[in-house]
Amino acid sequence: MLLRLTLKPIISTQSFLGLEPSRGHRHKSCERENRGHHLVSRFHHVVFSYIQCHGKFELWIFASRKYVLPRLRRALVHANCQLSATPYKNSSPNIDDVLYDSTLHQFNKIANQDVEMQVRRDEVTMRMSRLTERTAFLVIDTNILLHHFDALVQFVADVESSNAPVVIVVPGAVIKELDGHKNNPELRWFASTSSTWLLKKVKERNKVRGQASAETKRKSGNWRVKASDEDQPERLNDFLILDASLFYASLARTILWSGDYNLCIDAQAENMETIENTPEARRKWSSRYLIHSIFGPGINASSFHEERVHFNRKTIIVDEIGQTAAPVDPDAMDVDNTPNHGVVMTRFDVRDDLHRQTRNHFTMLLQDLVETVGGKEIKRHQARGETPSRYAPEWQKIRTPLSQWSASECLVYLDARQRLPVTSPRLETFLRAPYSGAGARRGQDWSRADWQVAIRGLTKIGEDWKDEVFLESAATLDALLGDVYEQTIEL
């Protein structure tokens, strides 16, 4: 695949890397993938001196999505640079099916293999075992995953526990946008955590599903493909999200949840229901608010949680409540093109919430890694149902399904396969919920040095098992940590 990669510096790379500007470097073209690997390992000396003088660096490369791009992106995390990748000479009006993130690539693959609902061009066949007359589809926009992710996670958990007739739908255009946001330093952590969660949920095939290519109202029968007599919309992503909503509306009652005012107006013009999207309503968005919005105030929502403040991209971090928030940068990127309604949180509360996000995110990554390394072995052992002897490895004494393993249990298995690095604090202690075991504590009670030790341990696991998603997540967390422990910022 021939890609054009454009790098732009976010901070002074000269001060970051100690490089002197150089005008001697030109665009590099790699005709073979092994040369691409070689460039990734040495690109600091080529790229960052060049962009000091020219403001950006364009790289034309025959790249492997699986190997070259993740390594390049991970290195850029440390340098706080932004990467944008576009297919070479892609003048087609269609949407390519290339995703540069392996997690989202798996999500799309599962969405298209889903047997819950099979859609053909001229025919729709459905398994009605889970879709009843009361079933409602909730279609989510990208900004929900980035700005209101915790409310979504809690809502899905409540829907699953109560078996409420709601199916959450993630349009393909949202996955495509989320993939691009992983190259943005401001959004990288939030895009990564939501991607990992989405993959876990779509694998369960329960209450979260992705949009398959054929689930569309477009004339071409594929949401990625523009028919010859079809006009090209100005706001393509909004058009595609609305298209997905209209498709599901043809099957059952469908509600769109978006923080984009323009998209909500377009949806309402098509008689599509939307979750209320005023500044006042946004502050109320919670699991209970959503279930009431879908089924009305008469529904018993006692098992659905109320709102809680969470750390997200729009959170304004201050040292103490009452401190004046940092001014809003009018040129700052806003995914949904609406004013910033982020809440103010103290640095201590942000550390607690970041620790919760870190525990959840890396627990899911550890489960995926264990599944890759020894999933078949674990399933065979558990299928036999034998009582392990007192001398058996510790992991053989775990009876719960792998998808429910804690971070500590995953680490036990990996350590049995290959000795894990010994850290202080130990990784299994750092990744425990506060007060759930010896040494477990809140995020604010861990020093910055403790966080960095944990990140180095996680990085070592990624290196030992050659897990690019693991490595990229550790690097992203490390970059975010400076903001959480240092200056007052607005994300």
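Residues numbered from 1 in each chain as written. Predicted model: local features only at pLDDT ≥ 70, side-chain atom pairs only at ≥ 80, totals over all residues. Heavy atoms only, no water.

Looking at the overall build of the protein chain
So, point 1. When you go through the protein chain residue by residue, the secondary structure sums to 17 helices and 13 strands.
So, point 2. Within the protein chain, the proportion of its 491 residues that are buried is 51%.
So, point 3. When contacts within the protein chain are restricted to residue pairs at least 6 apart in sequence, long-range pairs at least 24 apart make up 73% of them.
So, point 4. Accessible area for the protein chain stands at about 22,800 Å²; split by element, carbon and sulfur atoms hold 48% of it. (Helix = DSSP H or I, 4+ residues; strand = E, 2+ residues; numbered from the N terminus. Buried < 20%, exposed > 50% of the residue type's maximum accessible area, 1.4 Å probe, protein only. Contact = heavy atoms within 4.5 Å. Areas by Shrake-Rupley, 256 points an atom, 1.4 Å probe, with all protein chains shown as cover.)

Here's the deal with the environment of Pro279
So, point 1. Among the secondary structure elements, Pro279 is positioned in helix 11 (residues 279-282).
So, point 2. Classification of Pro279 as partly exposed rests on a relative accessible area of 24%.
So, point 3. With 20 residues separating them in the primary sequence, Pro279 and Gly259 have C-alpha atoms 9.7 Å apart.

A look at the pattern of salt bridges
So, point 1. With the rule as written, the count across this model stands at 18 salt bridges.
So, point 2. Note that Arg356 and Asp150 form a salt bridge whose closest N and O atoms lie 2.9 Å from each other. Here Arg356, found in helix 13 (residues 347-384), pairs with Asp150, found in helix 6 (residues 149-162); they are 206 residues apart in sequence, far enough to count as distant.
So, point 3. A single salt-bridge network, built from bridges that share partners, covers Asp150, Asp353 and Arg356. (Salt bridge = Lys/Arg side-chain N within 4 Å of Asp/Glu carboxyl O.)

Brief notes about helix 13
So, point 1. Its axis deflected by about 85° at Gly374, helix 13 carries its strongest bend there.
So, point 2. At the C-terminal side of helix 13, Gly385 shows a positive phi close to 70°. (Bend = angle between axes of the 7 residues up to and from the residue.)

Comments concerning helix 7 (residues 172-181)
So, point 1. Within helix 7, eight of the ten residues are buried, leaving the element largely enclosed by the surrounding structure.
So, point 2. Here helix 7 has its buried residues at Gly172, Ala173, Val174, Ile175, Glu177, Leu178, Asp179 and His181.

Describing the sheet that holds strand 9 (residues 208-210)
So, point 1. With respect to topology, five strands assemble into an open sheet ordered 9-8-7-10-11, the strand pairing being parallel. Across the chains shown, the open sheet's two edge strands, defined by having one partner strand only, are strand 9 and strand 11 (273-274).
So, point 2. Relative to strand 8 (residues 166-170), strand 7 (residues 136-140) runs parallel, the two sharing four bridges. Paired with Leu138 across the two strands is Ile168, which belongs to strand 8.
So, point 3. Sheet strands in contact with helix 8 (residues 188-204) are strand 8 and strand 9, and its direction is about 100° off that of strand 9. (Pairing = 2+ DSSP bridges. Axes fitted to C-alpha atoms, helices over the stretch in contact; angles between N-to-C directions.)

Quick look at the side chain of Thr363
So, point 1. Within the fold, Thr363 resides in helix 13.
So, point 2. With a relative accessible area of 15%, Thr363 lands in the buried category.
So, point 3. Within the structure, the side chain of Thr363 is placed 2.6 Å from the backbone oxygen of Arg359, a separation counted as a polar contact.
So, point 4. Excluding residues within four positions of it along the chain, Thr363 makes contact with Thr358, Trp405, Ser406 and Ala407. (Polar contact = N/O pair within 3.5 Å; in protein donor to acceptor, adjacent residues only side chain to side chain.)

Topic: the pairing of strand 7
In summary, the side chains of a regular strand alternate between the two faces of the sheet.
So, point 1. Along strand 7, five of the five residues are buried, which leaves the element largely enclosed by surrounding structure.
So, point 2. Here strand 7 shows two buried faces, one formed by Ala136, Leu138 and Ile140 and the other by Phe137 and Val139.
So, point 3. Two strands pair when backbone bridges link them, and strand 7 and strand 10 (residues 253-257) are joined in this way by five bridges, in the parallel orientation. Paired with Leu138 across the strands is Ile255, a residue of strand 10.

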